[in-house]
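Chain residues, written in single-letter form:
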Amino acid sequence: VGELSGDEKAKLERDAAQLLSRYFSAAYLHQRPGDGYLGSFPGFTAGARKLALRDVDTVSDAALTGADQVLPRHAAALLSVVAPEGRAVGATARVFLNLSVSEGGRTRLVAVRGRLLLSPSGDTWRIFGYDLSLDPSHKPAQRGSDR
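What counts as what
Residues numbered from 1 in each chain as written. Predicted model: local features only at pLDDT ≥ 70, side-chain atom pairs only at ≥ 80, totals over all residues. Heavy atoms only, no water. Core = buried A, V, L, I, M, F, W, Y, C linked by side-chain atoms within 4.5 Å. Buried < 20%, exposed > 50% of the residue type's maximum accessible area, 1.4 Å probe, protein only. Helix = DSSP H or I, 4+ residues; strand = E, 2+ residues; numbered from the N terminus. Phe/Tyr/Trp six-rings, centres within 6.5 Å; stacked < 30°, edge-to-face > 60°. Arc of directions from axis to C-beta.

Chemist: What is the right way to read the nonpolar core from this model?
Modeler: Buried together is how nonpolar side chains tend to be arranged in soluble globular proteins. Within the largest apolar cluster, 39 residues are counted, with the highest numbers of intra-cluster contacts made by Tyr23, Tyr28, Leu99, Leu116 and Leu118. Looking at this core, the elements that each hand over two or more residues are helix H1 (6-28), helix H2 (46-54), helix H3 (56-59), strand S1 (69-82), strand S2 (90-103), strand S3 (106-121) and strand S4 (124-135). Counting residues per element, this core draws most heavily on H1, at eight residues.

Structure (structure tokens):
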């Protein structure tokens with residue numbers, strides 16, 4: 001909704017790519033900056049992080065703790081932006097992440113799918129909510145928002 005200038009679009013794309021990459025690396029690729037799952041949610045608001053810590057089996061690699069190796073195979077995000085009067089005030093990132101999970105000599109594909117809800121915070125963006133599923137674990141989608 002609304003129009004962004006080419007420069008504003010490019011900046012939003014860069015900022016969102018960095019935010020999502022940091023989250024996916026920390027949450028699903030064992031590259032946490034902190035202890036346990038506390039560091040799994042960089043860029044999340046405090047409220048969304050609290051909800052995510054409750055939902056770690058879906059919004060992180062907690063369900064894959066027995067894996068010997070987790071590697072990214074493919075990642076993509078499609079952004080829908082709300083930009084009244086040429087100013088981005090919110091966005092939804094529809095995310096697709098395919099992981100190659102090796103465990104006990106067997107490798108399987110695990111897909112993370114869903115939405116991350118983004119809001120501007122100063123000169124950057126934060127994740128304030130999510131609606132994600134982790135397949136083929138057949139766990140129900142987890143939803144959380146700090147709003």
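Chemist: Looking at this model, I keep getting lost on the packing of aromatic side chains. Mind explaining?
Modeler: In this description, a pair of aromatic rings is defined by centroid distance and the angle of the planes. Throughout the structure, instances matching the rule amount to seven aromatic pairs. With 5.0 Å between their ring centres and 50° between their planes, tyrosine 23 and phenylalanine 44 make a pair best called tilted. Linking tyrosine 23 in helix H1 with phenylalanine 44 in the loop between H1 and H2, this pair joins segments that are 21 residues apart in sequence. Take tyrosine 23 and phenylalanine 44: they sit in the same class, and that class is buried. For the ring pair phenylalanine 44 and tyrosine 130, a centre distance of 6.5 Å and an interplane angle of 40° mean the geometry is tilted. Of this pair, phenylalanine 44 sits in the loop between H1 and H2 while tyrosine 130 sits in strand S4, placing them 86 residues apart in sequence. Note on tyrosine 130: relative accessible area 2%, which makes it buried. Three or more aromatic residues joined by ring pairs form one cluster here, namely Tyr23, Phe24, Tyr28, Phe41, Phe44 and Tyr130.

Chemist: How should H2 be read in this particular structure?
Modeler: Considered for burial, the residues of H2 that qualify are Ala48, Leu51 and Ala52. With its buried residues spanning 100° around the axis, H2 presents them on a single face. Exposed residues on H2 whose side chains face more than 90 degrees from its buried face are Ala46, Lys50 and Arg54.

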